[in-house]
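Fold and geometry: a report
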Amino acid sequence: FPGPILLHENALVYCQYLKILGRALIGRLWVDDKQGDWLRSPDPGARGREFAEQLLAHPATPYLNGWQSLNEITDPELRRRQAQFDLAFAQVMADGGKKAVIGNFAVGNGEIKELLHWQVVFAQPNVYLGYHSYWPQGGPEHDGDWLAFRYRAWAAYCKQEDIKFP
């Protein structure tokens, strides 16, 4: 999965042309305004299946390698429910022959030990962990190195706890 290109909603019209680059193309629809309600619902897995089905029906899907699930959930309780959402999302994506980019943690949300809740999701053969590594507001002088390279600590923890990715 070297060198993926993440295409946000408005850029999806170019995916058929970008396919010639030979790089993995991942789509993302902006649903940040809905994702809290989806996770608070009685069945987050059902919402995950519905969202995946919606994405698989998108006209860009034939040109994409996969789709990004929810984005940067900051509430710890909702992140636990997100694992249910993402498991169902990943299973529908697999049935549709696509990769699922799940988790999609930001530099300031999620604690390393929370990854233990996600092991069953990571065990899916079509899953990639989304980790958004960028400088915090204020730049690198405000713990930017730690935040931008925090994924290294996450990778070390996964190795220590034997959390496997496909």
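Predicted, not measured: the structure shown is a model, and the values here were computed from it.

Considering the nonpolar core
- Counting residues in hydrophobic clusters, the biggest one holds 33 residues, and the most contacted among them are Leu64, Trp67 and Phe89.
- Where this core is concerned, the elements lending two or more residues are strand 1 (5–8), helix 2 (35–40), helix 3 (44–56), helix 4 (76–95), strand 4 (99–106), helix 5 (119–122) and helix 7 (151–160).
- Top element by residues in this core is helix 4. It accounts for eight residues.
- In contact with phenylalanine 89, not counting residues within four places along its chain, are Gly48, Arg49, Phe51, Ala52, Leu55, Trp67, Gln68, Ser69, Ala100 and Ile102.

Some words on a nonpolar patch on the surface
- On the surface, Val13, Tyr14 and Tyr17 cluster together to form a nonpolar patch covering roughly 370 Å² of accessible area.
- In this structure valine 13 comes out as exposed when scored by relative accessible area, which is 54%.

A short note on unusual backbone geometry
- The phi dihedral of glutamate 72 falls on the positive side, at around 50 degrees, and the residue is not glycine.
- Along the chain, glutamate 72 turns up in the loop between strand 3 (66–68) and helix 4.

Considerations on the packing of helix 3 against helix 4
- Helix 4 packs onto helix 3 with a crossing angle of 40 degrees between their chain directions and a minimal axis gap of 7 Å. Judged by the twist between their axes, the crossing of helix 3 over helix 4 is right-handed. The residues of helix 4 that touch helix 3, namely those facing Pro44, Gly45, Arg47, Gly48, Arg49, Phe51, Ala52, Glu53, Leu55 and Leu56, are Arg81, Gln84, Phe85, Ala88, Phe89, Val92 and Met93.
- Partitioning the contact of helix 3 with helix 4 into residue classes produces 10 nonpolar, three polar and four charged.

Describing the pattern of salt bridges
- With the rule as written, the count across this model stands at four salt bridges.
- In this structure, arginine 28 and aspartate 32 form a salt bridge, with 2.7 Å as the shortest nitrogen-oxygen distance.
- Taking the relative accessible area as the measure of exposure, aspartate 32 reaches 27% and is therefore partly exposed.

Comments concerning the side chain of serine 69
- Looking at where serine 69 falls in the secondary structure, it is placed in the loop between strand 3 and helix 4.
- On the basis of relative accessibility, which here comes to 3%, the residue serine 69 falls in the buried class.
- Among the polar contacts listed, one links the side chain of serine 69 to the side chain of aspartate 86, at a separation of 2.4 Å.
- Those residues in contact with serine 69 that sit more than four places away from it in its chain are Phe51, Phe85, Asp86, Phe89, Val101, Ile102 and Asn104.

Focus: the confidence of the model for the chain
- Here the chain averages 82 in pLDDT, and 78% of its residues register 70 or above.
- Within the chain, no element has a lower average pLDDT than helix 6 (residues 144–148), which sits at 54, and none a higher one than helix 3, at 98.

Parameters at a glance
- Residues numbered from 1 in each chain as written.
- Predicted model: local features only at pLDDT ≥ 70, side-chain atom pairs only at ≥ 80, totals over all residues.
- Heavy atoms only, no water.
- Core = buried A, V, L, I, M, F, W, Y, C linked by side-chain atoms within 4.5 Å.
- Buried < 20%, exposed > 50% of the residue type's maximum accessible area, 1.4 Å probe, protein only.
- Helix = DSSP H or I, 4+ residues; strand = E, 2+ residues; numbered from the N terminus.
- Contact = heavy atoms within 4.5 Å.
- Patch = residues over 30% accessible without salt bridge, like charges linked within 9 Å, V, L, I, M, F, W, Y side chains within 5 Å.
- Areas by Shrake-Rupley, 256 points an atom, 1.4 Å probe, with all protein chains shown as cover.
- Salt bridge = Lys/Arg side-chain N within 4 Å of Asp/Glu carboxyl O.
- Axes fitted to C-alpha atoms, helices over the stretch in contact; angles between N-to-C directions.
- Left-handed = near helix turned anticlockwise from the far one by under 90°.
- Nonpolar A, V, L, I, M, F, W, Y, C, P; charged D, E, K, R; others polar.
- Polar contact = N/O pair within 3.5 Å; in protein donor to acceptor, adjacent residues only side chain to side chain.
- pLDDT = per-residue confidence, 0-100.

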